[in-house]
Amino acid sequence: MPVGYAWMPLLINGRVNVGDQAIAVATNNPSGYLASEQLGLGKGSSGPDIKWNDGGKPLFKFNLRLVSTVYTKDQHLHNFFQHCQKIEETGSLAADMDTSNKLKTLHAVESGTLIQFLPTVLNQLFRLLPLTNSEDVALNAVRVLVHIVCEASEVEKIDMLRSYSKYVFVTIPTVSSKSRTIHEELAKHLTSMLRPQSADFLVINKFLLHSWFFFEILVKSMSQHLLETGKIKSPRNERFPSNYQYRIQTLLQHIVPHITQKYKELPEATKNANHSLAIFIKKCFTFMDRGFAFKLINMYIENFNPGDSRVLQEYKFEFLRLVCFHEHYIPLNLPLMKRGHIKSYKDMRHDYTLSEEFRKQHFLVGLLLQAVKSALNEVKVIRAQAISVLRDLLAKHEYDDRYSTKTQQGRIASLYLPFITIILENKHRLNIGDGQSSPGAMNGDVSGEMIGDRSSIAPSLVSQRSTLSLQQSETIQTLQNMSGSGSVKLPRDSAVLAMIAGTAPQASSLSISDPKPILNGSNSSLASSKASSESVDKDPKDTPKSNGKHDRSYSMGGQQGQSSPIGMPRYDKLDQKEVKDLLICFMYIVKNLPEEVLLGWFNNSSEYDIIDFFNILEMCIQQFKYSSKKIIHKLSMIADSQKAHTLPTRKGPVDMFSHSRAASDIKTKRNTQLLESSGALDNVLLEGNFACEVGMIALDVIALYSANFKEQLQFREGDNSLMRKVFDLHLLFLQTNQSESILKHAFAALRSFINKFAKILFRGNATMCANLCYELLRCGNSRLPSTRSEACALLYLLMRSNYEFNKKKSFTRVHLQDQIDVYRMKYQVIVSVSQLISDVVGLSTLRFQESLSIINNYANSDKGMQRTCFPLEVKELTKKIRTVLMATAQMKEHQNDPEMLVDLQYSLAKSYSSTPELRKTWLDSMAKIHIKNGNLSEAAHCYIHGVALVAEYLKRRGRLTRAYPQGCRVFKNISTNVEADESEGQEDFGMQDVQYTNESLIEMLEEVAEALEKAERYELLGEVYKLIIPVYEERRDYQKLAQAYSILHSAYTKIVQVSLSGKRLLGKFFRVALYGQNFFEEEDSKTYIYKEPKVTGLTELCQRLQCLYTEKFGKHTVRLIKDSNKVNMKDLDSRFAYIQVTYVEPYFDERELEDRQTDFERNNNVRRFMFETPFTKDPKKAHGSVDEQYKRRTILTTSHSFPYVKKRIMVVYHQDMELTPIQVAIDQMQKKVVEIHEVVSMVTPDMKKLQLKLQGSVGVQVNAGPLAFAEAFLDKSKLRNYARKFTNSLKDIYRQFVQVCGIALELNGTLIMTEQMEYQESLKENFRNMVSKLEDIFDEKLFSDEDGKSISLDSTNRTSMSLFNVISSPTSQA
């Protein structure tokens, strides 16, 4: 049962009554009890009669806690709500000062309370803005808004702010046109808050950090305003008043300086403000005049300049990224056509360059391209961001389903035409590094290692405008989504390309209300001719004069002025990723451009620009070349190290099962499992498909140009830069790694090329035909059967086209007029085969033979040629090729024997003495082998013979300059071998097709000079430059002259240095004799002189030859003959191979020694060599006493002089000379005199070497040597036993010996230190004793100290040459 009744008011003065309460309890509850009120002062109460318990004391005590979203217990917030309620009730604001105070007190409200009443507070603040006329009230309201948004963000309630802006906020309906709106007032007062005179930096910083909220409110208010007023249907320029546009413009002008000036101290805030501003302007395109939005963008961009910091550049490109990713970006860049005027691509002249007209017509694209162009001159980080913006935007276009047709994609690509100019201007910075493969890479060798069938990897997007005749029947695989890279494209249909603009009414209009000056940019031609000329060196006569197209002087007619460049151009190379992204953008544009647009670009471009364009296309092919599954898998593993660590360990060598088909299948299956398990198979497909797509795009462009500019390509019979570049692009597909599907298209393109330009191939420059033959023959060696088949078919077509081009006369020679053209194919094929097999390891004889059989089958089955001699000529040609292949088999057999390998190639080179290019091919191949083995002198002489060959050819053609018309004879001072080798050949018709010139001769001479310098044969550089310098003088090429004399100065300085130091080693010579008919066959009993590099010793050479022939013939079959005696063939066992190695020295007679005074001269152009064998008359012993010791001197003469193109030369003549004991003594003493003379003649004395010679000549231990000869042959009792000329010669040598020893002693005395004085005195004492004994024998005075001081070194050498004749005279005795 109730004990009583109690009640109390919840609101007191408009505020909820909370807290501790104590009220009286009534015993009854009459009607109208709420009207009861205590009167106080004991007067009772008014209203109904109420009976109170306990005299009305407050018996009921309790506590009230407020839980409400309507009422608050915070006094400041309560006062603000109450004030707002009064405003709504009265319809007008109270005093401005009171409102401002109420707003300021909100800063003291706790964040929890604000969050609890967030929608209500924000609604009241936003409604306050259009109601007040006070600037102070509105500014305070905005500041409170900034404070509240910041507080909500700090407590991680951003989602509430987003929910408010999206769902809760509702703008105030406008009653009349004069009514103010929230977005107008918010824009106005945000600007006031940002002004410097009223700036509160703390508030501004908070605003920058959370500006997104206010821009969202602006957009929401604008959209609701348009819907409520119905202005959404009005034209865009009538939707908002001009004063609002001005306020937005002013707001942007005040925000951007804060972003550009505070990015260092407030990185997060400025970044957020920049992002929010971009989003806001992007949304302005939806509601406002788009011309005004363009104006806002332009105002923003004007605040950034080239050379800004990295952060500001990042802000700019982030802004451009957001704006350009607008959903209607394409219509925004395509202004409406005038009615009745359809814009053709011929009228798109200004669209080819980044001109001012282009940027007015296509504002956003022009702005982005200008920014990218400028960014390419910045640092790497900025470049990367700029390129990524463009790349991602192009990827977005590719994926946009609204523009999926080829017509639409073509119109989009046309918007980016100026990018071609940009990339051409930066072509010198495109460094593809490892991505570029050498042209000599073998398709077959690489593709043979690919896992699976490459033909299944077809392009995902193949253009249908190709003029190729090949039907595309492969399955087209769709690439997966790779939005991050933007490099993957979805399939599009292949309808005829057309423009988007002008073909249908546009849904939106484009109005640039205030066309202000746009950012500075280049209004020049498609690419600077000056920049292009730096990379392309062409003959000025290359330009056709028929129609004036491809003019070199300017690209776009010069109708536009040349604008100033933005910043200084950079010349550093772009990195791999930048190059790849730029090329992806380039390929997207080229792929989608309509044919007429691309043709228009070619028509309005200079020849330099077109060649640069094809150079970029070549880079694309190189960069995105096909890689095998193995390679892609390996790269994937490197990129993902964790995944790589989890892969199974590979066991065994890579090629351990290479010769087993079953094992190969196992290997393929295992690698495929690895691919699938690692997830790299998708990467393989993507990379393969993209490589195919790039190849197809390139082939389409080449075919389009070739079909429409045939006249330009045929200028000067194809001997022009454009034709060379187009042809090189065709060959590039055969030189780089490509999939089978692309190779099929490449071969089809080449077939089309042959049909179009047969005259150029068969009558023009022979280089093109030669290169094509070489690449086709190389493809005929491919491991892929399909590639071999295609190559053979194309080679046969080339032969037949050559035959038909010459009116089916004969594939061999006919009368003189057509002789050269008919012979060309046969000649070039033989040349190409020779070049191909010069690389021994790269050719498979079996596969090549199979290819030759295919060509023969084509000729035999060609019904149209059965009644001609063509099949017979093809058979003859293939027979000649097989003959050359036999040499290949021998080379493979001896590929580990460098001497034999060079001999085989030397034989081939000699057999082609009448065909310069073939002979030079083999000489170059020999040079490569020599360089690989460290035989630099031999490599240099290969180049010498090659340039002499060219000189002789030019002489016979009458093309040599008047500087040296002698042909190869001019090289006789360099090598005595040249004239004999290079003047023997008879002129052959193949020489008619060789394109050697005086310029190429000079280039080859420069190569010879470089090779001689590397070989340390500096003395020959003077002879080489005697041939080069007159040409430089005739050309007035003073830069080359200065360089030549600088090289000569350096060479002669090095000669002086090595002459003083004696550290130059020009090689050692050895006699090598081979015995064993069963092993050496034709080389049995032949003797060679080997030239070994540097300080190769006898033991080292013996070990090398023994290992070489042991590997060739088997273990325990090779034996060394360890003496130099004559070999009796009857004493040799036929079961073994014998090698005799002997050290030999160059041999010169007296006349030669007078001419060969330096060490170099005694090691250059050497043909005769000598070795000595001691013996006695007793056959049982080789050595005896001094008067019994004989010596046999063997002189060997080689067929050619050293150095030569070979490091071993056969001995063609040998002579034996026997020296009697006294001649042996003369020889020994003469050697001592010469050795001591050389030491004392040094400009810088070598004390150590000097003392060694003195010790060996006057020392006590060895005194018996010189004295023994004197006592044996010059003693009075023995003089009559020997001829007088020998004894007199020996006496003269002893006189020289004493004199030179005395000089050496005096020199040593000037060099020694104090501690060696005792040693010097000992030498002098020994010398005096030796001289005393010799004087007793000679019975004459030989030496005195006074004589020693006056003796000249020249006098000691005066009679040395005359003694040589005595030693070398026939054996005779008294």
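Residues numbered from 1 in each chain as written. Predicted model: local features only at pLDDT ≥ 70, side-chain atom pairs only at ≥ 80, totals over all residues. Heavy atoms only, no water.

K.L.:
Tell me about helix α11 (residues 267–287), and please be specific about residues and values.
P.N.:
Here α11 is 21 residues long and its end C-alpha atoms lie 31 Å apart, about the 30 Å a rise of 1.5 Å per residue gives. Every buried residue of α11 is listed here: A269, T270, A273, N274, S276, L277, A278, F280, I281, C284, F285 and F287. (Helix = DSSP H or I, 4+ residues; strand = E, 2+ residues; numbered from the N terminus. Expected span 1.5 Å × (residues − 1). Buried < 20%, exposed > 50% of the residue type's maximum accessible area, 1.4 Å probe, protein only.)

K.L.:
Quick rundown of unusual backbone geometry? Include the residues and the values.
P.N.:
Along the chain, F1202 connects to P1203 via a cis peptide bond; the corresponding omega equals -10 degrees. By secondary structure assignment, the location of P1203 is in the loop between β12 (1190–1202) and β13 (1208–1219). Unusually for a residue other than glycine, E156 sits at a positive phi of about 60 degrees. Positionally, E156 belongs in the loop between α5 (135–154) and α6 (158–168).

K.L.:
Before we move on, can you summarise the pairing of strand β11 (residues 1166–1175) with the specific residues and values?
P.N.:
Here strand β10 (residues 1137–1146) runs beside β11; their pairing, made up of two bridges, is antiparallel. In the strand pairing of β11, P1146 is matched with F1169. Where β11 and β12 come together, nine bridges link them in antiparallel fashion. Residue pairing in the sheet places P1174 in a bridge with K1191 of β12. (Pairing = 2+ DSSP bridges.)

K.L.:
So, a nonpolar patch on the surface: which residues are in play, and what are the values?
P.N.:
A cluster of nonpolar side chains, L10, L11, V70 and Y71, forms an exposed patch at the surface whose accessible area comes to about 380 Å². As for its position among the elements, L10 is in the segment before β1 (11–12). (Patch = residues over 30% accessible without salt bridge, like charges linked within 9 Å, V, L, I, M, F, W, Y side chains within 5 Å. Areas by Shrake-Rupley, 256 points an atom, 1.4 Å probe, with all protein chains shown as cover. Salt bridge = Lys/Arg side-chain N within 4 Å of Asp/Glu carboxyl O.)

K.L.:
Account for the packing of α5 against helix α8 (residues 201–209), with residues named and values stated.
P.N.:
The N-to-C vectors of α5 and α8 enclose an angle of 55 degrees; their axes lie 9 Å apart at closest approach. In terms of their interaxial angle, α5 and α8 are classed as oblique. Seen from above, α5 lies across α8 with left-handed handedness. The residues of α8 that touch α5, namely those facing R143, V146, H147 and C150, are V203, K206 and F207. Its residues placed into classes, the contact of α5 with α8 shows four nonpolar, one polar and two charged. (Axes fitted to C-alpha atoms, helices over the stretch in contact; angles between N-to-C directions. Parallel < 35°, antiparallel > 145°, perpendicular 65-115°, else oblique. Left-handed = near helix turned anticlockwise from the far one by under 90°. Contact = heavy atoms within 4.5 Å. Nonpolar A, V, L, I, M, F, W, Y, C, P; charged D, E, K, R; others polar.)

K.L.:
Outline the pairing of β10, listing residues and values.
P.N.:
Counting buried residues along β10, seven of its 10 residues qualify, which places the element largely inside the surrounding structure. Looking at chain direction, strand β7 (residues 1068–1075) and β10 are connected through seven bridges and run antiparallel. Residue pairing across strands places Y1075 opposite Y1138, the latter belonging to β10. Two elements, strand β9 (residues 1118–1121) and β10, share four bridges in a ladder whose sense is parallel. Opposite L1120, over in β10, you have I1139 as the bridge partner.

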